[in-house]
Amino acid sequence: MSVTAKAPSTFTPVERMEKIVSLCKRRGFIFQSSEIYGGIGGFWDYGPLGAELKRNLRDTWWHAMTRFREDVVGLDATIIMHPAIWKASGHVDTFADLMRECSLTNKRVRADHVEPQSGTVMQYSGAAAPTGWKLDRKIVVLMKKTEHIESFRKRVRSYLASNAGTAAGKPEEIELLDEEKLNTLEGTVDFHPETGAQLGEARPFNLMLKTYVGPTATEDDVAYLRPETAQAIFVQFKNVMDSTRVKVPFGICQIGKAFRNEVTPKNFTFRSREFEQMELEFFIKPDEAVEIICGHVAPWNETADLSQPQPDWGWEMWHRYWVAQRTAYYDSIGLGTDVLDYFWQGTEDLAHYARACVDILFKFPFGTEELEGIAARGDFDLSQHQKHSGKPQEFFDDELKAAATKLTDDQKEAMIQKRLAAEQSKAKGAPMPESDVRAWFDRLFKGSYVPHVIEPSAGLDRLALAILSLAYDEVEKTDAKGNKEIVTIMRLHPRVAPKKVAVFPLLKNKPELVAKARGIYDVLKKHMTTDYDEGGSIGKRYARQDEIGTPFCVTVDFDTIGENGPDLLDTVTLRMRDDGSQERVAIDDLLPRLLAAL
Ligand code: GAP
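Note that the structure is a prediction, hence the values are computed from the model and not measured. (Residues numbered from 1 in each chain as written. Predicted model: local features only at pLDDT ≥ 70, side-chain atom pairs only at ≥ 80, totals over all residues. Heavy atoms only, no water.)

Undergrad: What should I look at first to understand the site of the ligand in this one?
TA: Near the ligand, the surroundings consist of 19 residues, among which E228, R260, S272, E279 and E370 are the closest. Here Q277 contributes a side-chain N or O atom positioned 3.0 Å from an oxygen atom of the ligand. In the model, a nitrogen atom of the ligand is placed 2.6 Å from a nitrogen or oxygen of the E279 side chain. Relative to its unbound accessible surface of 550 Å², the ligand loses 88% to contact with the protein. (Near = heavy atom within 4 Å. Polar contact = N/O pair within 3.5 Å; in protein donor to acceptor, adjacent residues only side chain to side chain. Areas by Shrake-Rupley, 256 points an atom, 1.4 Å probe, with all protein chains shown as cover.)

Quick look at the structure:
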């Protein structure tokens with residue numbers, strides 16, 4: 001059978017997404033949540049293969065971020081936490097999108113998601129129906145350039161009818177009152193993209209999902225489903241420090257669910273309302289502490305060696321280090337730099353407490369979008385929790401204390417003056433008052449500080465989507481009879497593939513073949529996800545595994561059981577998914593061979 005690759009670039013982005021979504025459902029990677037009830041926007045379930053894929057991604061991240069490191073520990077915190085946390089973190093007051101409401105249907109749309117439209121602005125003084133229903137307010141709707149007036153009116157009537165429930169009766173019987181043509185507009189963003197009705201003023205809409213904890217369900221019992229996993233790490237910082245032997249610099253990482261009432265969930269799982277985050281809060285010394293201990297702070301430049309953390313690193317080197325570490329992680333699961341991009345936020349876009357933020361972007365079929373954000377957040381979060389809880393969140397650094405005792409008063413004053421000058425020239429936020437700066441240095445010279453933080457924050461669902469969209473490929477195959485068919489191959493990296501290997505007996509009605517294949521399956525399944533399949537032709541079985549991204553298939557044939565002589569006894573065919581190549585491998589070599597590829 002010859003294999004001819006069809007360039008995936010021939011798919012339009014929409015086609016490619018449709019193919020991925022369809023495969024995800026067909027083969028059990030991702031299903032719509034609550035599908036039999038019509039689904040629920042922004043919620044997705046992972047089927048048998050998706051659950052394995054996600055677990056693999058979680059494991060690779062957890063291993064890279066904590067098990068393989070001496071300086072990061074893990075945490076598994078609750079989803080619902082004390083509501084005061086979200087006040088302190090700023091989420092209650094500022095975690096909002098600017099929204100505009102449709103004047104016809106009250107549907108909300110994100111202010112920055114309205115595409116420019118062109119057309120004629122039509123106005124009615126109100127509407128009435130034979131049922132007695134009335135609307136006593138102006139209706140302003142954009143009639144699209146190409147739209148016929150009758151179909152436009154029909155559209156307005158049908159929105160009015162569905163908004164009024166049964167009260168307005170049949171849409172065609174609604175009378176639109178005092179029609180007026182107001183003006184013609186080009187590229188306006190003041191009308192709802194779907195209904196065409198005028199949008200209201202932009203207003204903030206908080207994205208946190210509320211719930212009630214306790215039996216009364218009053219406002220006093222309001223709690224929130226966490227919108228990020230990070231805050232749990234900050235509020236357990238002290239406990240982790242006191243219960244382990246970690247010392248700054250060190251990190252705490254967590255994987256878990258997060259919830260956001262996204263107004264426009266879209267692009268499959270990309271923007272969901274329930275999703276999983278994988279976050280690290282890496283706590284570092286403030287630059288001033290590094291300067292006192294080392295006499296200088298290592299300056300960052302393009303040729304800086306980021307391979308091993310050094311004692312003289314300040315926030316900038318740590319930030320760059322984590323960008324490099326995260327890039328290496330993505331590469332280890334098949335997302336090389338050819339499919340990634342980086343967006344460095346400009347100073348004007350940064351929060352006032354942030355020093356830098358880079359988004360690692362992935363080239364999704366629908367555009368290049370954020371996969372992970374890596375922010376240098378200063379000491380904002382721990383300081384906020386220190387202030388709001390009244391509990392100190394400082395680290396006592398004996399190395400710093402010892403170094404600070406060697407500073408002269410002039411040297412200390414010089415450091416204070418340098419910081420005061422920096423506060424005055426700050427691009428954003430009010431400068432810290434001199435008394436606070438002096439109090440901060442006073443604590444620092446005694447060895448205490450609130451650690452600063454570098455936060456690599458990734459989305460597990462976005463990563464799964466990136467992995468699936470990159471893996472999707474189609475090839476045209478021609479069989480021995482000359483029949484051509486297009487088959488799908490998921491080119492998943494072996495480390496993340498849901499099934500690592502599939503074992504087949506050549507024939508299912510030959511007990512010796514079946515027994516041998518079962519024996520191999522029983523050994524392999526203890527070490528990796530393994531499939532056993534004896535249904536259909538070998539070609540069909542390969543195709544089934546290609547479609548779910550299984551990198552290896554093992555076939556037990558007559559050579560394996562010595563029917564064609566002793567030479568190939570106890571060997572099997574190992575078939576590689578990506579190029580269809582095959583090798584004869586001794587059964588004893590199979591396990592080490594497969595493990596080496598994972
Ligand atoms: N603690 C920082 C934080 O939460 P973020 O940029 O809001 O930062 C981090 O979120 C990551 O979480 C994003 O890069 C993305 O991968 C993922 N994420 C955020 N909102 C999401 C959503 N609605 N659906 C899926 N993933 C989301």
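Undergrad: How do you make sense of the nonpolar core when you look at a structure like this?
TA: If you look at soluble globular proteins, the nonpolar side chains tend to sit buried side by side. Residues L57, W322, Y330, L335, L463 and I467 are the most contacted members of the largest nonpolar core, which totals 62 residues. F237, V246, F250 and F283 belong to the second largest nonpolar core, which has 31 residues in total. (Core = buried A, V, L, I, M, F, W, Y, C linked by side-chain atoms within 4.5 Å. Buried < 20%, exposed > 50% of the residue type's maximum accessible area, 1.4 Å probe, protein only.)

Undergrad: Honestly, the packing of helix α2 (residues 48–67) against helix α14 (residues 460–471) in this entry has me stumped. Any pointers?
TA: The angle between the axes and the distance between the axes are what describe a pair of packed helices. Running from amino to carboxyl end, α2 crosses α14 at an angle of 115°, the nearest separation of the two axes being 10 Å. When the axis of α2 is compared with that of α14, the two are roughly perpendicular. Between α2 and α14 the crossing geometry is right-handed. On α14, the residues that touch L53, K54, L57 and R58 of α2 are L460, D461, L463, A464, I467 and L468. (Axes fitted to C-alpha atoms, helices over the stretch in contact; angles between N-to-C directions. Helix = DSSP H or I, 4+ residues; strand = E, 2+ residues; numbered from the N terminus. Parallel < 35°, antiparallel > 145°, perpendicular 65-115°, else oblique. Left-handed = near helix turned anticlockwise from the far one by under 90°. Contact = heavy atoms within 4.5 Å.)

Undergrad: What is the right way to look at the pairing of strand β5 (residues 96–101) in this model?
TA: On a regular strand, each side chain points to the face opposite its neighbour's, so the side chains alternate between the two faces of the sheet. Looking at chain direction, β5 and strand β13 (residues 203–206) are connected through 4 bridges and run antiparallel. When the sheet's bridge partners are listed, D97 is paired in β13 with F205. Pairing of β5 with strand β6 (residues 108–110), which is carried by 3 bridges, proceeds in the antiparallel orientation. When the sheet's bridge partners are listed, E101 is paired in β6 with R108. The loop that links β5 with its antiparallel partner β6 comprises 6 residues; one of these, N106, has a positive phi angle of about 65°. (Pairing = 2+ DSSP bridges.)

Undergrad: Honestly, the sheet that holds strand β11 (residues 175–177) in this entry has me stumped. Any pointers?
TA: The strands making up a sheet associate through backbone hydrogen bonding, with each pair oriented either parallel or antiparallel. Within the open sheet, the 3 strands sit side by side as β9-β8-β11. Their pairing is antiparallel. The sheet is open, and its two edges are formed by β9 (134–135) and β11, each paired on a single side. Relative to β11, strand β8 (residues 126–128) runs antiparallel, the two sharing 3 bridges. Bridge pairing in β11 places G126 opposite L177. Contacts between helix α5 (residues 149–164) and the sheet are confined to β8, β9 and β11, with β11 contributing the most and set at about 105° to the helix.

Undergrad: Please clarify how the sheet that holds strand β17 (residues 274–284) should be interpreted in this entry.
TA: The strand order across the open sheet formed by 7 strands is β4-β16-β17-β23-β20-β19-β18, and the pairing between neighbours is mixed. Sheet topology places β4 (72–75) and β18 (340–344) at the edges, where each strand pairs with a single neighbour. If you compare each strand with its neighbour and ignore which way they point, the axes differ by 25° on average. Pairing of β4 with strand β16 (residues 250–259), which is carried by 4 bridges, proceeds in the parallel orientation. By the bridge assignment for β16, V73 is matched with I252. The sheet strands contacting helix α9 (residues 315–332) are β17, β18, β19 (356–364), β20 (367–378) and β23 (452–459), and the helix crosses β20 at an angle near 145°.

Undergrad: In this structure, what is going on with unusual backbone geometry? I would like to understand it.
TA: Residues apart from glycine generally show negative phi values, whereas peptide bonds are mostly found in trans. The peptide bond linking V248 to P249 adopts the cis configuration, its omega dihedral lying at 5°. Structurally, the position occupied by P249 is in the loop between α7 (237–243) and β16. The residue D570 is not glycine, and still its phi comes out positive at about 60°. Here D570 shows up in the loop between β28 (552–556) and β29 (571–576).

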